[in-house]
Amino acid sequence: MVDDTTGPHESAHDLLASFDALTPETMRARGSLKWSTYDGDVIGAWVAEMDLGTAPAVARVLRRAVDDGSLGYMPMSVGERAREAVAAFHRHSFGWAVPRRDVSLLPNVLSALGAVIAQHTAPSSPVVVPTPAYMPFLSIPGRYGRRCMQVPALHTHDASGAPVWRLDLDGIEAAMAAGAGLLILCNPWNPVGRVLSPAELDAVAELSSRYHIPVLADEIHSSLVLDPAAAHTPYGSRPGADPDLTFTVTAVSKGWNIPGLMCAQLIASGGARSAWEADPLSAHLADEAAYLGARAVAAALSPEGLAWNRAVRTYLHGNGDLIAGALAGIETVELTVPEGSYLAWLDCSRLPVPEGASPARFFRREPGVAMSPGAAFGRGYESFCRLNLATGRTIAAQIAQRLVDAAAEPRG
Ligand SMILES: Cc1ncc(COP(=O)(O)O)c(C=O)c1O
């Protein structure tokens, strides 16, 4: 079979120079969702897409598939190679001994969430969602007739005054005790960018076992830990996480920027795996994963693909520093710099905005920076915005300048 994982290497210098050279005009011409939704001189900084393209190793397999006319259904060997690559990635990057048989392919992470809710939790049981939460976690349970129990994060500040977001374990326990059927655990945590500690994961595992409530661990941002001081720990790797109650869902779609290729993964062992395989609707999702996506997974997780991801993480960390530095003296906006994911969380509660406007609307309309509105992330976050840092340095500098100018002189 064709070896997708080797090819000419682009120098790191050329790669970073190509990121630096990106401009809003280039991005609008490319027409991604992030850049094509709002007209005029608006910088797209909302939906979780990166402006940095994908790894040359991934681009190469896609080109090769087109050149070869290989655009059909998934050959078994390609699916197996993707599953093995995901297992090896978890072993080598996070020290989690995942056997290939525990990895299944799926079209996307949210398809797994729907299946877990519908097929693997008690009928009509509510879903516990720590907030602020990735928006579909709040809307998808309702599609399956389930109520969402929002558990707001504990929001404090560290000794240096930087914002800190932590799971409210007492709140989660109260929701479990009140009859919840599932906990959604997002780690790294979109939108606050926390990389959860082993101690926090252990506390969640203890609650899951005590109340016998399954956990869906969404680890789609695990390959995007930006803070060199942080390390991703998979929930399922913790000794206390009951394999019968643990569904881990992940993908390379964020770290390599290929969500359109529709090939995510479920990692499950023990009773969770048996239940998944025994349920025809869940097991059938494997048939819906895309062939090109599976080829891209193996290329992303090849040594060359991993090196690209490392360079991108360092680069994005630089964007975070740049924007945090620019906003440091601005009292009306408080930025939570992400440890993981390229999503920053902005508290704009001290920002005077025009009557009836949210901060996200204000920043989109006035300086022209389109962020995600906090209201979508749960009750009580109306005065927050989520900012996507995954762009080139020139654009990041423009974002910083626009935010600073508008926040320093808001029109009340
Ligand atoms: C935490 C989280 N989960 C899931 C998704 C969506 O994943 P998918 O496109 O595989 O459904 C996203 C997309 O941004 C996300 O941030």
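Since we're looking at a predicted model, the values are computed, not measured.

Scoring rules and cut-offs
- Residues numbered from 1 in each chain as written.
- Predicted model: local features only at pLDDT ≥ 70, side-chain atom pairs only at ≥ 80, totals over all residues.
- Heavy atoms only, no water.
- Axes fitted to C-alpha atoms, helices over the stretch in contact; angles between N-to-C directions.
- Helix = DSSP H or I, 4+ residues; strand = E, 2+ residues; numbered from the N terminus.
- Parallel < 35°, antiparallel > 145°, perpendicular 65-115°, else oblique.
- Left-handed = near helix turned anticlockwise from the far one by under 90°.
- Contact = heavy atoms within 4.5 Å.
- Nonpolar A, V, L, I, M, F, W, Y, C, P; charged D, E, K, R; others polar.
- Pairing = 2+ DSSP bridges.
- Salt bridge = Lys/Arg side-chain N within 4 Å of Asp/Glu carboxyl O.
- Buried < 20%, exposed > 50% of the residue type's maximum accessible area, 1.4 Å probe, protein only.
- Near = heavy atom within 4 Å.
- Polar contact = N/O pair within 3.5 Å; in protein donor to acceptor, adjacent residues only side chain to side chain.
- 1 Å grid on protein atoms, 1.4 Å probe; cavity = no way out; pocket = protein on both sides within 12 Å on 5 of 7 lines; lining within 4 Å.
- Sits in = over half its atoms within 2 Å of the grid points.
- Points joined across faces, edges and corners; volume = space filled by probe spheres on them.
- Domains from an automatic or database assignment.
- Phe/Tyr/Trp six-rings, centres within 6.5 Å; stacked < 30°, edge-to-face > 60°.
- Lys NZ or Arg CZ within 6 Å of the ring centre and 35° of its normal.
- Right-handed = clockwise from strand over helix to strand, strands pointing away.

### A few points about the packing of helix 6 (residues 109-120) against helix 7 (residues 136-143)
Between helix 6 and helix 7, the least distance of the axes is 10 Å, while the angle of their chain directions is 45°. Comparing the axis directions of helix 6 and helix 7 gives the class oblique. Where helix 6 crosses over helix 7, the two elements pack in a sense that is right-handed. Note on element contacts: helix 7 touches helix 6 through Pro 136, Phe 137, Ile 140 and Pro 141, opposite Leu 110, Leu 113, Gly 114 and Ile 117. The residue inventory of the contact of helix 6 with helix 7, partitioned by class, reads 7 nonpolar, 1 polar and no charged.

### Things to note about the sheet that holds strand 15 (residues 384-388)
Hydrogen bonds between backbone groups are what pair the strands of a sheet, and the pairing can be parallel or antiparallel. Here we have 4 strands laid out as an open sheet, ordered 11-12-15-14, and antiparallel in their pairing. Sheet topology places strand 11 (334-336) and strand 14 (372-373) at the edges, where each strand pairs with a single neighbour. Pairing of strand 12 (residues 343-347) with strand 15, which is carried by 5 bridges, proceeds in the antiparallel orientation. Looking at the pairing, Trp 345 lines up with Arg 386 of strand 15.

### What to know about the pattern of salt bridges
Applying the stated criterion across every chain, the model contains 13 salt bridges. Between Glu 80 and Arg 100 there is a salt bridge; the shortest N-O distance is 3.9 Å. Of this pair, Glu 80 sits in helix 5 (residues 76-94) while Arg 100 sits in the loop between helix 5 and strand 2 (103-106); the two residues are 20 residues apart in sequence, bridging distant segments of the chain. On the accessibility criterion, Glu 80 (30% relative accessible area) is partly exposed. Note that Glu 277 and Arg 273 form a salt bridge whose closest N and O atoms lie 2.7 Å from each other. One end of the pair, Glu 277, and the other, Arg 273, are both in helix 10 (residues 270-278), 4 residues apart, so they sit about a helical turn from each other. What you see here is one network of salt bridges that share partners, running through Arg 28, Asp 41 and Arg 402.

### Focus on the site of the ligand
Around the ligand, the neighbouring residues are Ala 48, Asn 108, Val 109, Leu 110, Tyr 134, Cys 186, Asn 190, Asp 218, Ile 220, His 221 and Lys 254. Here an oxygen atom of the ligand sits 2.8 Å away from a polar atom, N or O, in the side chain of Asn 190. His 221 places a side-chain nitrogen or oxygen 2.8 Å from an oxygen atom of the ligand. The site holding the ligand turns out to be the largest pocket. Each residue belonging to the shell around the ligand can be placed in one class, and the counts come to 6 nonpolar, 3 polar and 2 charged.

### Some remarks on the layout of surface pockets
By volume, the largest pocket is sized at about 590 Å³. Lining the largest pocket are 37 residues; nearest its centre among them are Val 47, Ala 48, Leu 110, Tyr 134 and Lys 254. At 3 residues, helix 14 (residues 359-365) tops the list of elements feeding residues into the lining of the largest pocket. Split by domain, the lining of the largest pocket shows at least three residues from each of two domains, domain 1 (12-50 + 304-408) and domain 2 (68-302).

### Thoughts on the packing of aromatic side chains
Summed over the entire model, instances satisfying the criterion amount to 13 aromatic pairs. Seen from their ring centres, Tyr 38 and Trp 46 are 6.0 Å apart, and the 70° between their planes marks the pair as edge-to-face. Given a relative accessible area of 17%, Trp 46 falls into the buried group. Pairing Trp 345 with Phe 384 gives two aromatic rings, centres 5.0 Å apart and planes at 15°, and the pair type is stacked. Of this pair, Trp 345 sits in strand 12 while Phe 384 sits in strand 15; the two residues are 39 residues apart in sequence, bridging distant segments of the chain. This pair shows no difference in class: Trp 345 is buried, exactly as Phe 384 is. Within the aromatic cluster, the residues linked to one another by ring pairs are Trp 165, Trp 345, Phe 377, Tyr 381 and Phe 384. When the ring centre of Tyr 315 is taken as reference, the NZ or CZ atom of Arg 393 above it lies at 4.2 Å.

### What about the pairing of strand 8 (residues 215-218)?
Burial along strand 8 is two-sided: the residues Val 215 and Ala 217 and Leu 216 and Asp 218 are all buried. Bridge count for strand 7 (residues 182-186) against strand 8 is 4 bridges, and the pairing is parallel. Counted as the bridge partner of Leu 183 is Val 215 from strand 8. Between the parallel pair strand 7 and strand 8, the chain is carried across by helix 9 (residues 198-211), and the sense of this crossover is right-handed. As defined by bridge partners, strand 8 adjoins strand 9 (residues 246-250) across 4 bridges and the pair is classed as parallel. Residue pairing for strand 9: Leu 216 is matched across the bridge by Phe 247.

### Observations regarding the side chain of Asp 102
You can see Asp 102 is positioned in the loop between helix 5 and strand 2. For Asp 102, a relative accessible area of 9% corresponds to the buried category. In this structure, Asp 102 is in contact with Leu 266, Ile 267, Ala 268, Ser 269 and Arg 273, ignoring residues within four places of it in sequence.

### So, the packing of helix 4 (residues 56-68) against helix 12 (residues 291-300)
At their nearest, the axes of helix 4 and helix 12 sit 8 Å apart, and the two run at 145° to each other. Remark: the crossing between helix 4 and helix 12 carries right-handed chirality. Two secondary-structure elements touch here, helix 4 through Ala 57, Val 58, Val 61, Leu 62, Arg 64 and Ala 65 and helix 12 through Leu 292, Arg 295, Ala 296, Ala 299 and Ala 300. Counted by class, the contact of helix 4 with helix 12 contains 9 nonpolar, no polar and 2 charged residues.

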